[in-house]
Amino acid sequence: MARGSRTEDSEVAPSGAEARRARARLRRGGDSARVRPTARGAVLLLIGLLLLVAAYWERQAVLLVPAALCLGVLLLGLWWALGAVGAVRLGVPGVVQEGEDASLRVAGDRRHAGATWSTWAPGPERYLLLEGELDDEGRAAVDLGAHPRGRWRLAPVAIVALDPFRVMRSTRTVDARASLVVGPEVLSLSSTTLRSNREEGRLAQSRTADSVDAMVREWRPGDPQRRVHWRQSAKRGQLMVRQEANPATDDDVVVLDTASAVGADREAQDRLARAACSLVRALAGGDRRVVVRETGEPSMPAADWRDLPATLAAFASLEARAAAQSPGRRDAPVAHLIALAEHAPETWTLPPGTTLWLVSARDASLLRVPPGSRVRIRRWIDRVGPVRELA
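Now for a quick tour of the structure.

### Notes on the overall build of the protein
Okay, so step 1: A count of helices and strands for the protein gives seven helices and 19 strands.
Okay, so step 2: Out of the 391 residues in the protein, the part that is buried amounts to 44%.
Okay, so step 3: Across the protein, the fraction of contacts at a sequence separation of at least 24, relative to all contacts at a separation of at least 6, is 64%.
Okay, so step 4: With the model as given, the accessible surface of the protein reaches about 20900 Å², and the carbon-plus-sulfur share is 53%.

Take a look at the structure:
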């Protein structure tokens, strides 16, 4: 059973001297192990040494028996503690979504039944001391609670165990050497809302034309004769060749307007990350390739967007940073662009058919994108914003 106590670093924990020692061990960090006698063990050691001195001084061999018993108990406790001190492992929670509870697993063996553990809860301010006891199997699940988006360093865990005679105390501090990675919440998007104007135009063309029409193009100098489609050439009255691959515009290019979000509060950046992660996950469910770019300085690592943990870990690092240079005009084949409504890129020139996904604040007014932006579709992708075009 775990329990938490709010304890500032400069204050004395209500659990006494043992909690103060635990905090000191956790501040030092790193993996460490220590075995020392308890108060009972120190008394037995003192009695055993006094009996040895008395046996030698009084020439009484009978005093060696109780001395051997006292020191033997200490040796047995030391042997037990040395064997148990290294048999503790930690199971880190890995990657979770914001709002989900995370737990850290402490795994020992039966020798650690009833042992006490202590650690600090991860977060922006580590002022919550977590402590508890291991169960009969020497295991425990440390509830870390829900955390906001980001990477939170896991503090070392200190496990204090006593031998069966209660004469030796073994203290093991294990550093997880990992972080609790919290990615944005993934919202559910229907597949019908993901198509841009260009894709809808291609689908409409494929429904009204021959299925082969979408696979051919006009002949250009340098095209080999083996790629000539004679049937389509006779039908159209000019040489047509087969296309060996889909054009590059079939890729779903998702651009995050992080440069315009510089200066926005943490909540706004979290909404931007939540919307972008949800759209990327919905697009990556198909066979087409998804490319993610940022208008500001890149803050996310590359990832396989089809893998949920990898996607969450990448978007956990998303941060709005200023661009090294002005983005200027956007004439690249962008399929989807995501921006905060209060920072809509009204000065950009986007290709026709680009879907502009807006993430609004709770009290944001509806912005009007000027005709110069050439954006034909606007959609909202936030639970607190307008839902006229996206439920």
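### Here's the deal with the packing of aromatic side chains
Okay, so step 1: Applying the stated criterion to the full structure yields one aromatic pair.
Okay, so step 2: R59 extends its terminal NZ or CZ atom over the ring of Y56, reaching a point 5.1 Å from the ring centre.

### Some thoughts on the sheet that holds strand β12 (residues 179–183)
Okay, so step 1: Taken together, the three strands give an open sheet; going across it, the order is β4-β12-β9, and neighbouring strands pair in mixed fashion. Strands at the two margins of the open sheet, each flanked by one partner only, are β4 (95–97) and β9 (150–153). Neighbour-to-neighbour, the strand axes of this sheet turn through a mean angle of 25°, independent of strand direction.
Okay, so step 2: By the bridge criterion, four bridges tie β9 to β12 in an arrangement that is antiparallel. Across the sheet, residue R151 finds its bridge partner in β12, namely V181.
Okay, so step 3: Against the sheet, helix α7 (residues 308–316) engages β4, β9 and β12, with an angle of about 75° to β4.

### A few points about the packing of helix α2 (residues 39–58) against helix α3 (residues 64–84)
Okay, so step 1: Their axes nearest at 8 Å, the elements α2 and α3 cross at an angle of 150°. Here α2 lies roughly antiparallel to α3, going by the angle between them. Note on packing geometry: the crossing formed by α2 with α3 is left-handed. Contact with α2, carried on its side by G41, L44, L45, I47, G48, L51, L52 and A55, involves L64, P66, A67, C70, L71, V73 and L74 of α3 and no other residues of that element.

### Considerations on the layout of surface pockets
Okay, so step 1: Here the second largest pocket is characterised by a volume of approximately 230 Å³.
Okay, so step 2: Along the walls of the second largest pocket sit 15 residues, with A113, G114, A115, L162 and R166 positioned nearest its centre.
Okay, so step 3: At three residues, the largest contribution of residues to the lining of the second largest pocket is made by strand β10 (residues 157–162).
Okay, so step 4: Residue composition of the lining of the second largest pocket, grouped by class: seven nonpolar, three polar and five charged.

### What to know about the nonpolar core
Okay, so step 1: Of all hydrophobic cores here, the largest spans 30 residues; its most connected members are V106, W117, L134, V142, L144, I159 and L180.
Okay, so step 2: For this core, the secondary-structure elements that each account for two or more residues are α3, β5 (102–107), β8 (139–145), β10, β11 (168–174) and β12.
Okay, so step 3: The element that contributes the greatest number of residues to this core is α3, accounting for five residues.
Okay, so step 4: Of all hydrophobic cores here, the second largest spans 29 residues; its members include L256, L272, C277 and A314.

### Some details on the pattern of salt bridges
Okay, so step 1: The final tally for this structure, using the stated rule, is eight salt bridges.
Okay, so step 2: In this structure, R110 engages E137 in a salt bridge whose closest nitrogen and oxygen atoms are separated by 3.1 Å. Residue R110 is found in the loop between β5 and β6 (116–120), and its partner E137 is found in the loop between β7 (128–133) and β8; the two are separated by 27 residues along the sequence.
Okay, so step 3: Overall, R110 belongs to the exposed group, its relative accessible area being 59%.
Okay, so step 4: Accessibility expressed as a relative area gives 38% for E137, which makes it partly exposed.
Okay, so step 5: A salt bridge links R321 to E319, with the shortest nitrogen-to-oxygen separation between them at 3.7 Å.
Okay, so step 6: For R321, a relative accessible area of 34% translates into the label partly exposed.

### Points about empty space enclosed by the protein
A water-sized probe rolled over the atoms picks out the places where empty space is left.
Okay, so step 1: With the rule as written, the count across this model stands at two cavities of 30 Å³ or more.
Okay, so step 2: Of the pockets and cavities examined, the second largest cavity occupies roughly 30 Å³.
Okay, so step 3: Lining of the second largest cavity is provided by L104, T119, W120, P122, L144, L154 and A155.
Okay, so step 4: A per-class count over the lining of the second largest cavity returns six nonpolar, one polar and no charged.

The rules we used
Residues numbered from 1 in each chain as written. Predicted model: local features only at pLDDT ≥ 70, side-chain atom pairs only at ≥ 80, totals over all residues. Heavy atoms only, no water. Helix = DSSP H or I, 4+ residues; strand = E, 2+ residues; numbered from the N terminus. Buried < 20%, exposed > 50% of the residue type's maximum accessible area, 1.4 Å probe, protein only. Contact = heavy atoms within 4.5 Å. Areas by Shrake-Rupley, 256 points an atom, 1.4 Å probe, with all protein chains shown as cover. Phe/Tyr/Trp six-rings, centres within 6.5 Å; stacked < 30°, edge-to-face > 60°. Lys NZ or Arg CZ within 6 Å of the ring centre and 35° of its normal. Pairing = 2+ DSSP bridges. Axes fitted to C-alpha atoms, helices over the stretch in contact; angles between N-to-C directions. Parallel < 35°, antiparallel > 145°, perpendicular 65-115°, else oblique. Left-handed = near helix turned anticlockwise from the far one by under 90°. 1 Å grid on protein atoms, 1.4 Å probe; cavity = no way out; pocket = protein on both sides within 12 Å on 5 of 7 lines; lining within 4 Å. Points joined across faces, edges and corners; volume = space filled by probe spheres on them. Nonpolar A, V, L, I, M, F, W, Y, C, P; charged D, E, K, R; others polar. Core = buried A, V, L, I, M, F, W, Y, C linked by side-chain atoms within 4.5 Å. Salt bridge = Lys/Arg side-chain N within 4 Å of Asp/Glu carboxyl O.

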